[in-house]
Amino acid sequence: MATPSQTGKPSPERIFSTLISYQQSEALKAAINLDLFTKIGEGAEDAAALAKAVGASERGTRILADYMTIQGFLAKEGTHYKLTPESAIFLDKRSPAYMGAMAGFLGAPHHKATFANLTEIVRKGSTIAVEGSNLEPHDEFWVAFAQSMGGLATPSAQFIAGLIGSSEGKPVKVLDIAAGHGMFGLVIARMNPNAQIVALDWPNVLAVAEENAKNFGVADRWSKKEGSAFEANYIGADGEGYDYILLTNILHHFDHAGNVTLMKRVYAALKPGGKAITLEFVPNADRVSPPVPAAFSMVMLANTDSGDAYTFKELDKIFTEAGFSKTVAHPIAEMPQTVLVSDK
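Residues numbered from 1 in each chain as written. Predicted model: local features only at pLDDT ≥ 70, side-chain atom pairs only at ≥ 80, totals over all residues. Heavy atoms only, no water.

Participant: Quick rundown of the side chain of Thr304? Include the residues and the values.
Facilitator: Tracing the chain through its elements places Thr304 in the loop between helix H16 (291-303) and helix H17 (312-321). Among the polar contacts listed, one links the side chain of Thr304 to the backbone nitrogen of Gly307, at a separation of 2.8 Å. (Helix = DSSP H or I, 4+ residues; strand = E, 2+ residues; numbered from the N terminus. Polar contact = N/O pair within 3.5 Å; in protein donor to acceptor, adjacent residues only side chain to side chain.)

Participant: Mind laying out helix H15 (residues 256-269), listing which residues take part and the relevant values?
Facilitator: When the terminal C-alpha atoms of H15 are compared, their 20 Å separation across 14 residues agrees well with the 20 Å that a helix rising 1.5 Å per residue should span. Among the residues of H15, Gly258, Asn259, Val260, Leu262, Met263, Val266 and Ala269 are the ones counted as buried. Tucked inside the fold, the buried residues of H15 contact strand E3 (172-177), strand E6 (242-248), strand E7 (270-280) and H17. (Expected span 1.5 Å × (residues − 1). Buried < 20%, exposed > 50% of the residue type's maximum accessible area, 1.4 Å probe, protein only. Contact = heavy atoms within 4.5 Å.)

Participant: Outline the packing of helix H5 (residues 47-54) against helix H6 (residues 58-70), supporting the account with residue identities and numerical values.
Facilitator: Direction vectors running N to C along H5 and H6 enclose 110°, while the axes themselves pass 8 Å from each other. By the angle class used here, H5 and H6 are roughly perpendicular. Of the residues in H6, those touching H5 at Ala47, Ala48, Leu50, Ala51 and Val54 are Glu58, Thr61, Arg62 and Ala65. Grouping the constituent residues of the contact of H5 with H6 by class yields six nonpolar, one polar and two charged. (Axes fitted to C-alpha atoms, helices over the stretch in contact; angles between N-to-C directions. Parallel < 35°, antiparallel > 145°, perpendicular 65-115°, else oblique. Nonpolar A, V, L, I, M, F, W, Y, C, P; charged D, E, K, R; others polar.)

Participant: So what's going on with the pairing of E3? Which residues, and what values?
Facilitator: Within E3, six of the six residues are buried, leaving the element largely enclosed by the surrounding structure. Every second residue of E3 is oriented toward a common face, with Val172, Val174 and Asp176 on one face and Lys173, Leu175 and Ile177 on the other, all of them buried. With six bridges joining them, E3 and strand E4 (residues 195-201) adopt parallel strand pairing. Across the sheet, Val174 pairs through a bridge with Ile197, a residue of E4. In this view, the connection linking E3 to its parallel neighbour E4 by way of helix H13 (residues 183-191) has right-handed handedness. One ladder, built from four bridges, connects E3 with E6; its direction is parallel. Within E6, the position partnered with Asp176 by the bridge is Leu246. (Pairing = 2+ DSSP bridges. Right-handed = clockwise from strand over helix to strand, strands pointing away.)

Participant: Residue-level account of the packing of aromatic side chains, with values.
Facilitator: Summed over the entire model, instances satisfying the criterion amount to four aromatic pairs. Taking the centre distance of 5.2 Å and the plane angle of 90° together, the rings of Tyr267 and Phe324 count as edge-to-face. With Tyr267 in helix H15 and Phe324 in the loop between H17 and strand E8 (326-331), this residue pair connects regions lying 57 residues apart in the sequence. On the basis of relative accessible area, Tyr267 is assigned to the partly exposed category, the value being 25%. Seen in terms of ring centroids, Phe281 and Phe296 are 4.1 Å apart; in terms of plane orientation they differ by 20°. Their pairing is stacked. Highlighted residues: Phe281 in the loop between E7 and H16 and Phe296 in helix H16, separated in sequence by 15 residues. The same class applies to Phe281 and to Phe296, which are both buried. In textbook terms, an aromatic cluster arises when at least three aromatic residues are bridged by ring pairs, as seen for Tyr267, Phe319 and Phe324. (Phe/Tyr/Trp six-rings, centres within 6.5 Å; stacked < 30°, edge-to-face > 60°.)

Put into structure tokens, the structure is as follows:
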């Protein structure tokens, strides 16, 4: 079927491809579950060898590998499959940048079931998910997030650590709000031997971050606070505030008023001259570009009562109303998110 770019005429191909796009996500998830990319990277490059390596039928393996080639995740030379640079970096388990684990969370039945009700969600203007408010623990959901999404967070975590000068080794105290897997604070701690990290989240989620802290070798400089970002006492027994407070992928869950309330708590917990470090999907003022940050608002419509993907102007207004004097945006190269640094 010809595309509009090939003929200059309207074509139904985009409509057709979009309506069957679930096939692409399920095929990629199957390839990840079977370790298809890792086995190809290890040298099982033809259908027979690959089928044996992944423990599947030769017919099924060949068709899946061909489909992955069609989708651009593999290259094919004769009867041999090769990893693309993208799949070698992010989908081969031997790579330190492996991100295949996120398929377990992003491809979870919960998400598909929620979007299956999108017509009613649009009519209502908010989620109809049975889990309810994002202020509740929802242990199974958020533990799955923490277990699956650490790899995806690593590039952003490294960017933030570099942005605040972690390599300089200055003593700093950092609060990581809604820490999840803990990766953002842990990367700072690993880069800066004088950084003390306090992670705030629900108890079962913090168990995942605590294990990661041990694996990073920074458990002696990592501690935890249990509870809600809207209710927990941020300040510890020492009564001291923080040099940095991390708010990574949290503001998009709430409306303007909720975020102002949260940021006022953050402002009060910072030392004089301290900074709030926010990571968000930030669309342009037109709200339709760039594609990934702009489209994230649909995820928030489907999954939250009042969340959104906020423009810089909207976020800056939140920070200003909370008392912050200045906010500077730092886009992350090759990533769809932006780091916002707000000065107390």
